[in-house]
Amino acid sequence: QVQLQESGPGLVKPSQTLSLTCTVSGGSITTNYYYWTWIRQPPGKGLEWMGSIGYSGGNAYSPSLKSRTSISRDTSKNQFTLQLSSVTPEDTAVYYCAREYSSGGDYYLASWGQGTQVTVSS
């Protein structure tokens, strides 16, 4: 029943910061034991897990993006936000927000937003 929806600018200039917000309805982002995640897919490429923020507020990031990525949340608005700094055209992709849960040592992406296209171009 949970629904996720991405929002933010579809065009970002090189060297600027990409900022997207995921609005969650039908469930609280503080509910045990879920994780709130950003994933992207460049054109012609596979899915890339970027990072997440957990139900208690802790973060995890992809090593390749950690230096440029920040994921935060606003519990009063039931939203979480992606910020990706110093973008280049290689950051052009469809960006998805999603909800994860863990079972043992395995993680599952069970709920996804529809995705939003972000183009990095001058």
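Described below are features of the structure shown in this document.

What counts and how
- Residues numbered from 1 in each chain as written.
- Predicted model: local features only at pLDDT ≥ 70, side-chain atom pairs only at ≥ 80, totals over all residues.
- Heavy atoms only, no water.
- Pairing = 2+ DSSP bridges.
- Helix = DSSP H or I, 4+ residues; strand = E, 2+ residues; numbered from the N terminus.
- Disulfide = S-S within 2.5 Å.
- Buried < 20%, exposed > 50% of the residue type's maximum accessible area, 1.4 Å probe, protein only.
- Axes fitted to C-alpha atoms, helices over the stretch in contact; angles between N-to-C directions.
- Contact = heavy atoms within 4.5 Å.

## As for the pairing of strand E8 (residues 79-84)
Here's step 1: Relative to E8, strand E3 (residues 18-25) is paired through 6 bridges, and the arrangement is antiparallel. Paired with Leu18 across the bridge in E8 is Leu84.
Here's step 2: Bridge count between strand E7 (residues 69-74) and E8: 6 bridges; the pairing is antiparallel. By the bridge assignment for E8, Arg73 is matched with Phe80.
Here's step 3: Counted between consecutive antiparallel strands, the loop separating E7 from E8 contains 4 residues, among which Asn78 sits at a positive phi close to 55°.

## Observations regarding the state of the cysteines
Simply put, the disulfide is a covalent bond whose two ends are the sulfur atoms of two cysteines.
Here's step 1: Inspection of the entire model under this criterion finds 1 disulfide.
Here's step 2: One disulfide in the model links Cys22 with Cys97; its S-S distance is 2.1 Å. Judged by the sign of its S-S torsion, about 65°, the cystine formed by Cys22 and Cys97 is right-handed. With Cys22 in strand E3 and Cys97 in strand E9 (residues 93-103), this residue pair connects regions lying 75 residues apart in the sequence.
Here's step 3: Judged by its relative accessible area of 0%, Cys22 falls in the buried class.

## Some thoughts on the pairing of E3
Here's step 1: The sheet contact formed by strand E1 (residues 3-7) and E3 spans 5 bridges and is antiparallel. By the bridge assignment for E3, Glu6 is matched with Cys22.

## Thoughts on the sheet that holds E3
Here's step 1: Overall, antiparallel pairing links the 4 strands, which are arranged E1-E3-E8-E7 in an open sheet. Since the sheet does not close on itself, it has two edges, and those belong to E1 and E7, each with one partner. Across the sheet, the mean angle from the axis of one strand to that of its neighbour is 20°, orientation sign disregarded.

## Let's talk about the side chain of Thr116
Here's step 1: Residue position: Thr116 is located in strand E11 (residues 116-120).
Here's step 2: Apart from the residues within four sequence positions on either side, Thr116 is in contact with Glu6, Leu20, Ala93, Val94 and Tyr95.

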